[in-house]
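# Analysis of the macromolecular model
Each chain is listed here by its residues.
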Amino acid sequence: MLNRQRVWSGVLAVVLTLPAGAVAQDLSEVDRLPLQGRRLRVGAEVSGRLTAEDAKWVDGTYAQAWGLELRRGEEVTVDLLSDDFDAYLLVGGPGMDGVESNDDGAGACDARLTFRAADGGMFRIVVNTVSVESVGRFRLRVTEDPGPVTEGSCGGGGDVDDLFGESTDYLLGLPTGGRDLRIGQEFPGELRDDDEESPDGSYVQAWALDLRAGDRVVVDLISEEFDPFLWFIGPGMNEPLYDDDGAGACNARIDFTAGTRGTYRVVVNTIGSFAMGRFRLRVTETPGPAMEGDCSGVSGSWIADLSADGRTLTVGTEFSGALTDMDEEGPDGSWVQAWDLGLFGAPSVTVDLLSDAFDAFLFVLTPDGDVLSDDDGAGACDSRVTISSPDDGRYRVVVNTTLPGQVGRYRVRVTEDPGPQTAGGCDP
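Here's a quick rundown of the structure. (Residues numbered from 1 in each chain as written. Predicted model: local features only at pLDDT ≥ 70, side-chain atom pairs only at ≥ 80, totals over all residues. Heavy atoms only, no water.)

## Comments concerning the overall build of the protein
Within the protein one finds three helices and 31 strands. Within the protein, contacts between residues separated by at least 24 positions form 79% of all contacts whose residues are at least 6 apart in sequence. Within the structure as shown, the protein displays about 18,900 Å² of accessible surface, and the carbon and sulfur contribution to it stands at 47%. (Helix = DSSP H or I, 4+ residues; strand = E, 2+ residues; numbered from the N terminus. Contact = heavy atoms within 4.5 Å. Areas by Shrake-Rupley, 256 points an atom, 1.4 Å probe, with all protein chains shown as cover.)

Here it is, written out as C-alpha cells:
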C-alpha cells in the first residue's frame, strides 16, 4: 500500500544534467518511444503513471511518450507536474533540430516547455524523471499561454503535498448517493461522465462502508475498462489511504483495520482524466489472490461491447462510412464506430483507415482479445494495422479519431498486401 511520504533511494542517483531549455541533438531517441494510443490536446490536462514497465531513456531513467498534434506556427506550453518524482520533460517533432528539455520550469520540482511548432504534425511529449528508478503519478497540461508556476523550491524531502490539496475534506464531502458496501460481498458499478470530477480532471465515485472498531477490511477495485485508483477515508483518519496496483495487474487494493466505529468512504478513481467504465468493488475480511500479470494496459473489453450495427468488412474491398456525434463514445470521449471482419485462412491482412475529415486512429480487436492500434501508419493522417498470419475468427475493427469531437467521412480498406501510403505529413 502506498503512503503519503516521498520515497528516497539510499544510493546516489544518476542525474541527467541538461539545463532548463537545453537541446539534445538526437531526435531518434524520442522517435523510438511508443505512443500506445496516448494523446494530448491543447487546453486539456491528463493524468498518468510512470512505471518500471515503461521504456528507458538513454541515462537509464524511465520515459513515457504522448502524442500532441499541432499546426505549423502554433505555440503551446506543456507542464509536467508530479508529487511522486522530480519531473523532467522532453519534446521532439517535425521541424525541430533536436530534443528540447526542461527540469524545473513550472516551479518546485515540476517541468515546463513553451515552444512554437516549426512544422505541422505529431509531436512527442516525453514524461521523464531526474533520478534513475523514479516512478509514480503525474499530470500533463497543454495550454496556449503559460499558467502559474508551482510554489516552493525543489529541495526534496518531507511530506508530499496532497494530490487534491485539502484531500481529506474533499473526499469526505463526496456524496455516496445511496451506494453502500458490506463486508463479504462484491458490488458492480459504473464510472461515468456525470459522476463527480476531481481537481485533476478524473472522475470519482464514493461508496459508504460502515465499520466497527477493530474490523479489518480488504477492499479491491477491479476493472477491465480503466486503470483503477482507489481512495479510503473515514473517522479518526488524518489523511486518506490510496493505492494503484495493489490487487495485481491494473487493479487496486486497500487493507485496513478500523480504529473508530463509523461510516468510511471508499472512492473509485482512475489513472487518466477521461477514463470511465464498469468496475467491481469487493469487500472481504482477508486478502484474496492478486490478479495475474502486470499493468501494461487495460483490456479491449470496451471494444467488444461496441455495436457493429450490421457493418461488415471483407478482404479485398473498400468500404465508406461517416463518423458522427450520434455514434458511441470511446473511453477518452472521442466518437467510435465498429465494423466486424471475419478472417479464415488469410495469410496476412492490412486494414487501412483513410479520412480527409479527421486525424484517423484505428483499433483492431483480435479473437484472442489482443488490441492492435495505429495512428499514422498509412501515411499523412491515415492509419494502418497489418495482421501477419491471423488466427481464424471474428475481428472487430474500430474507427476512431486522435482528438475527441472529430467527425466526418472515412474509408476502410482491407487487403492481403499493404498498399501505397498517403503522401504528405499529418497536418489536418
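## Focus on the sheet that holds strand E6 (residues 75-81)
Hydrogen bonds between backbone groups are what pair the strands of a sheet, and the pairing can be parallel or antiparallel. Spatially, four strands are ordered E3-E11-E6-E9 in an open sheet, and the strand pairing comes out antiparallel. Two strands bound the open sheet, and with one partner strand each, they are strand E3 (44-50) and strand E9 (111-116). Between one strand and the next, the sheet's axes are offset by a mean angle of 20°, whatever the strand orientation. Bridging between E6 and E9 involves six bridges; their strand directions are antiparallel. Bridge pairing links Val78 to Leu113 in E9. (Pairing = 2+ DSSP bridges. Axes fitted to C-alpha atoms, helices over the stretch in contact; angles between N-to-C directions.)

## Focus on the sheet that holds strand E19 (residues 252-257)
Strand order across the open sheet formed by four strands is E13-E21-E16-E19, with antiparallel pairing between neighbours. Each end of this open sheet is capped by a strand with a single partner; those strands are strand E13 (185-191) and E19. Taking the axes of each pair of neighbouring strands and ignoring which way they run, one obtains an average angle of 20° across the sheet.

## Regarding the packing of aromatic side chains
With the rule as written, the count across this model stands at 14 aromatic pairs. What links up through ring pairs into an aromatic cluster is the set Phe187, Trp207, Phe226 and Phe279. Positioned above the aromatic ring of Phe229, the side-chain terminus of Arg137 is 3.9 Å from the ring centre. (Phe/Tyr/Trp six-rings, centres within 6.5 Å; stacked < 30°, edge-to-face > 60°. Lys NZ or Arg CZ within 6 Å of the ring centre and 35° of its normal.)

## Re a negative patch on the surface
Among the surface-exposed residues, Asp368, Asp370, Asp391 and Asp392 lie close enough to one another that they form a single negatively charged patch. When you line up the elements, Asp391 lands in the loop between strand E29 (383-388) and strand E30 (393-401). (Patch = residues over 30% accessible without salt bridge, like charges linked within 9 Å, V, L, I, M, F, W, Y side chains within 5 Å. Salt bridge = Lys/Arg side-chain N within 4 Å of Asp/Glu carboxyl O. Lys, Arg positive; Asp, Glu negative; His and termini not counted. Charge placed at Lys NZ, Arg CZ, Asp CG, Glu CD.)

## Observations regarding the nonpolar core
Residues Phe232, Phe256, Val266 and Leu281 are the most contacted members of the largest nonpolar core, which totals 36 residues. For this core, the elements supplying multiple residues, two or more each, are E13, strand E15 (203-211), strand E16 (216-222), strand E17 (228-233), E19, strand E20 (262-270) and strand E21 (277-284). Among the elements that take part in this core, E15 stands out by supplying six residues, more than any other. In this view, Phe256 contacts Leu211, Asp215, Arg216, Val217, Phe232, Met237, Leu241 and Tyr264; residues no more than four positions away in its chain are not counted. Membership of the second largest hydrophobic core comes to 25 residues, among which are Leu40, Trp66, Val78 and Val127. (Core = buried A, V, L, I, M, F, W, Y, C linked by side-chain atoms within 4.5 Å. Buried < 20%, exposed > 50% of the residue type's maximum accessible area, 1.4 Å probe, protein only.)

## A short note on the pairing of strand E25 (residues 335-343)
In terms of burial, E25 is a largely internal element, seven of the nine residues being buried. One ladder, built from two bridges, connects strand E22 (residues 312-313) with E25; its direction is parallel. Directly across from Thr312, in E25, lies its bridge partner Asp340. Inspection of the sheet shows strand E24 (residues 328-329) paired to E25 by two bridges, in the antiparallel sense. Pairing of Glu328 across the sheet is with Val336, part of E25. Of the strand pairs in this sheet, E25 and E30 are connected by seven bridges, and their pairing is antiparallel. Residue pairing across strands places Gln337 opposite Val399, the latter belonging to E30.

## A look at the side chain of Asp374
The residue Asp374 is located in strand E28 (residues 371-374) in this model. One buried charged side chain, Asp374, makes no salt bridge at all; its nearest oppositely charged neighbour is Arg384, positioned 7.3 Å away. A distance of 2.6 Å separates the side chain of Asp374 from the backbone nitrogen of Gly377, its partner in a polar contact. A distance of 2.8 Å separates a polar atom in the side chain of Asp374 from the backbone nitrogen of Arg384. In contact with Asp374, not counting residues within four places along its chain, are Phe361, Leu362, Asp382, Ser383, Arg384 and Val385. (Polar contact = N/O pair within 3.5 Å; in protein donor to acceptor, adjacent residues only side chain to side chain.)

## So, the pattern of salt bridges
Where charged atoms from two side chains of opposite charge approach closely, those side chains can pair. For the structure shown, the criterion picks out 22 salt bridges. A salt bridge links Asp220 to Arg253, with the nearest nitrogen and oxygen atoms 2.6 Å apart. On the criterion of sequence distance, the pair formed by Asp220 in strand E16 and Arg253 in strand E19 is long-range, its members being 33 residues apart. Exposure class is identical for Asp220 and Arg253. Each is buried. In this structure, a network of salt bridges that share partners links the residues Glu45, Asp79, Arg112, Arg139 and Arg141.

## Some points on the environment of Val218
You can see Val218 is positioned in strand E16. For Val218, a relative accessible area of 0% translates into the label buried. Distance in space between the C-alpha atoms of Val218 and Pro287 is 5.8 Å, their sequence separation being 69 residues.

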